[in-house]
Amino acid sequence: MKEKITGAEALMRSLMDEGVETLFGYPGGQIMPVYDALYDYTKELNHILVRHEQGAVHAAQGYARVSGKVGVAVVTSGPGATNTVTGVADAMIDSTPIVVICGQVGTAMLGTDAFQEIDVVGMTQPISKWNYQIRRAEDVAWAVSRAFFIARSGRPGPVVLDFTRNAQVGEVDYEPAKVDFIRSYVPVPKPDMEIIRAAADLINKSVKPLVLVGQGVELAGAQQELQALLEKAQLPAACTLLGLSALPSDHPLNMGMLGMHGNLAPNVMTNQCDLLIAIGMRFDDRVTGNLKTYARQAKVIHFDIDPSEIGKLVRPDCKVLGDCRQTLAALLPLIEENTHQNWISGFAPYYEREYNKVIRRAIHPTEGPLLMGEVVRAVSEASHHEAILVTDVGQNQMFAARYFQYSRPRSIVTSGGLGTMGFGLPAAIGATFGAPDRTVCLFLGDGGLQMTLQELGTIMEQGAPVKIILLNNNYLGNVRQWQAMFWQHRYSFTPMKNPNYEFIARAYGIPARTVVDRADLASAVSEMLSTPGPYLLQCAVLEEDNVLPMTPPGANIDEMLLEV
């Protein structure tokens, strides 16, 4: 016999059917029936009350990125829904699986400009993988199952459910739904062995190959397949920002980070290789620089699950569609053992040049103010390179990505494609729930922290053990760097007058310490990591430090500046 329950309770049961254990949200008028139903499910569903709806979505993103599960955010209608838009767009560009559930006015009120009504479906359609307005309680179970199937399958992404009030309060004879097939939706293209053999032939004949590792390797769980391929044929590799932890930092074939603020050697060698093997990456403009000169001498193999990405920016000679865990596994037996010794040895001089000009100064300074790079490396080493790195956006992001080191997969959480300031603090909160057994280290600047500062309240209430490292240079640092390099040092509205962050942290019950002198850095980092729960470590860093190397905007990727 079927059980008659409300649509709101049907949502609770549907979420549990999808394996949801944690959700991030903020209540309001048009989502109140859902929160009333949640009152009876707090043992099964751990709801984290954030302080702003944008924080709910970023926290869901952080949770998803480290756990591999679908993150869930629940918000009310109107401004509650509009406050999620930045996070939904961020998740779309960075392929993060989340489901956002928004309250909505009743169907009879739709289109009347009712209080806190907004066209959620129209607003989020361009920035979500799928969205749907639930108008009847009978559709809840189906819509939730379909939402999770779409969010997690194929190339992951955000799904938005617009939940009308009458669907929440209406009754339904509840029956679980299971959507695992949608006509015309092919989440994982079937690998074509003929194309894979062609890719293997190109790799076997290559003299100067270079593998570009993207986040797709992490999303597919293909880290072992990647390493097996690299090691069998001794293929040098470099990682995109979001793909950095797909390959351990100390792997001998890991040549560093690609892109505008990446490492010199892989960027230069991109324009010298004879074969570019792109795996789960989308040739973002920050990686390619000037497309007209990007790897023009090389043949290109592109492995990707999303056919729309293949050939969008860089035309490949071989298009390998499919889940890269499957395609790499099929490729491996066809690859011949090789050494590429002469080619690999060619990376070393560029690394030495970068080390002597940039890296040594950044992580081992002997005088002057603290530098961002040395703080990042100190935290990484003290955590034995096993922590999860979460960043905000700006100089803190680039210094952290460059000088943090990774030994485990799913260890970097950052806003890549959208570059969302304010992402870091709530995303780090989500990461502590997605990977409760790991240390979460958050690096942010004074600008980004103030964009979602209110989430310190969430940390206080939950005791979320986020280790917050504030790299405070009293500037909007990344914009200031561009103003210094390209706008004649005209610092238009980038200097910042800051509050006392230690006082603010302590007001939220979070232990805090400020470091000014280099001699105090090691002890402060040790204190932070050994203190149970959250901690804020403020580091007063050089105000006008610059992230180098840097490829100027519009320049060729191998035209990197090592000094300014």
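Look a little higher up for the structure.
What you see is a predicted model; the values in this text were computed from it and never measured. (Residues numbered from 1 in each chain as written. Predicted model: local features only at pLDDT ≥ 70, side-chain atom pairs only at ≥ 80, totals over all residues. Heavy atoms only, no water.)

**Student:** So what's going on with the overall build of the protein chain? Which residues, and what values?
**Tutor:** The secondary structure content of the protein chain amounts to 24 helices and 20 strands. Taken over the C-alpha trace, the protein chain has a radius of gyration of 24 Å; the compact-globule value for 564 residues is 24 Å, and the two agree within 12%. The principal-axis extents of the C-alpha atoms in the protein chain amount to approximately 70 × 60 × 40 Å. When contacts within the protein chain are restricted to residue pairs at least 6 apart in sequence, those whose partners lie at least 24 apart make up 76%. Here the protein chain has roughly 22500 Å² of accessible surface; of this, 51% comes from carbon and sulfur atoms. One finds the centroid of the 46 positive side-chain charges in the protein chain at a distance of 4 Å from the centroid of its 59 negative side-chain charges. (Helix = DSSP H or I, 4+ residues; strand = E, 2+ residues; numbered from the N terminus. Rg over C-alpha atoms; globule rule 2.2 N^0.38 Å. Contact = heavy atoms within 4.5 Å. Areas by Shrake-Rupley, 256 points an atom, 1.4 Å probe, with all protein chains shown as cover. Lys, Arg positive; Asp, Glu negative; His and termini not counted. Charge placed at Lys NZ, Arg CZ, Asp CG, Glu CD.)

**Student:** Give me the lowdown on the sheet that holds strand E11 (residues 254-257), citing residues and values where you can.
**Tutor:** The sheet built from 6 strands is open, its strands ordered E11-E10-E9-E12-E13-E14 with parallel pairing. This sheet does not close on itself; its edge strands, each paired only once, are E11 and strand E14 (318-321). Put simply, the sheet's adjacent strands are angled 20° from each other on average, direction ignored. Of the strand pairs in this sheet, strand E13 (residues 299-304) and E14 are connected by 4 bridges, and their pairing is parallel. Counted as the bridge partner of His302 is Lys319 from E14. Relative to E13, helix H14 (residues 324-331) is tilted by about 130°, and along the sheet it contacts strand E12 (275-279), E13 and E14. (Pairing = 2+ DSSP bridges. Axes fitted to C-alpha atoms, helices over the stretch in contact; angles between N-to-C directions.)

**Student:** Give me the pattern of salt bridges: which residues, what numbers.
**Tutor:** Evaluated as defined, the whole model comprises 18 salt bridges. Asp306 is the salt-bridge partner of Arg155, the closest N and O atoms lying 2.8 Å from each other. Here Arg155, found in the loop between helix H7 (140-152) and strand E7 (158-164), pairs with Asp306, found in the loop between E13 and E14; they are 151 residues apart in sequence, far enough to count as distant. Of the residues examined, Asp306 reaches a relative accessible area of 15% and is grouped as buried. Arg361 is the partner of Asp545 in a salt bridge, and the nearest nitrogen-oxygen pair spans 3.5 Å. Residue Asp545 is found in the segment after strand E20 (535-540), and its partner Arg361 is found in helix H16 (residues 348-363); the two are separated by 184 residues along the sequence. What makes Asp545 buried here is its relative accessible area of 4%. With a relative accessible area of 44%, Arg361 lands in the partly exposed category. Each of Arg155, Asp306, Glu309 and Lys312 takes part in one network of salt bridges that share partners. (Salt bridge = Lys/Arg side-chain N within 4 Å of Asp/Glu carboxyl O. Buried < 20%, exposed > 50% of the residue type's maximum accessible area, 1.4 Å probe, protein only.)

**Student:** Kindly report on helix H22 (residues 477-486), identifying the contributing residues and their values.
**Tutor:** Every buried residue of H22 is listed here: Gly477, Arg480, Gln481, Gln483, Ala484 and Met485. Where the residues of H22 are buried, they touch helix H18 (395-403). Where H22 terminates, the next one or two residues include Gln488, which has phi positive at roughly 55°.

**Student:** Before we move on, could you go through the packing of aromatic side chains and cite the residues and values that matter?
**Tutor:** Scanning all chains against the criterion turns up 14 aromatic pairs. Joined through ring pairs, the aromatic side chains of Phe24, Tyr63 and Phe433 make up one cluster. Its end group placed over the ring of Trp130, Arg146 keeps NZ or CZ at 4.9 Å from the ring centre. A cation over an aromatic ring shows up here: Arg480 above the ring of Tyr475, its NZ or CZ 5.8 Å from the ring centre. (Phe/Tyr/Trp six-rings, centres within 6.5 Å; stacked < 30°, edge-to-face > 60°. Lys NZ or Arg CZ within 6 Å of the ring centre and 35° of its normal.)

**Student:** Can you break down H14 residue by residue, with the values?
**Tutor:** Taken residue by residue, H14 has Cys324, Thr327, Leu328, Ala330 and Leu331 as its buried positions. Taken end-on, H14 shows its buried residues confined to a sector of 160°, consistent with a single buried face. Considering only its buried residues, H14 is in contact with helix H9 (193-205), helix H10 (215-220), helix H11 (223-233), E12, E13 and E14. One side-chain oxygen of the residue at the start of H14 lies 2.8 Å from the amide nitrogen of Arg325, identifying that residue as Asp323. (Arc of directions from axis to C-beta. Polar contact = N/O pair within 3.5 Å; in protein donor to acceptor, adjacent residues only side chain to side chain.)

**Student:** Give a description of the pairing of strand E3 (residues 46-49) that names residues and reports values.
**Tutor:** Two strands pair when backbone bridges link them, and strand E2 (residues 22-25) and E3 are joined in this way by 4 bridges, in the parallel orientation. From the neighbouring strand, Thr22 faces E3, where its bridge partner is Asn46. Read from E2 through helix H2 (residues 32-38) to E3, the crossover connection turns out right-handed. (Right-handed = clockwise from strand over helix to strand, strands pointing away.)

**Student:** Describe in detail the sheet that holds strand E18 (residues 466-472), supporting the description with residues and values.
**Tutor:** Taken together, the 6 strands give an open sheet; going across it, the order is E16-E15-E17-E18-E20-E19, and neighbouring strands pair in parallel fashion. Bordering the open sheet on either side are strand E16 (412-413) and strand E19 (512-515), each of which pairs with just one other strand. By the bridge criterion, 6 bridges tie strand E17 (residues 440-445) to E18 in an arrangement that is parallel. Paired with Phe443 across the two strands is Ile469, which belongs to E18. Sheet contacts for helix H19 (residues 424-434): strand E15 (388-391), E16, E17 and E18; angle to E17, the most-contacted strand, approximately 175°.

**Student:** Which residues make up the environment of Lys299, and what are the values?
**Tutor:** Tracing the chain through its elements places Lys299 in strand E13. The partly exposed category is assigned to Lys299, whose relative accessible area is 42%. When the C-alpha positions of Lys299 and Leu536 are compared, they lie 48 Å apart, and in sequence the two are 237 residues distant. Setting aside anything within four residues of it in sequence, one finds Lys299 in contact with Leu202, Asp274, Leu275, Leu276 and Asp317.

That is the geometry; function is a separate question.
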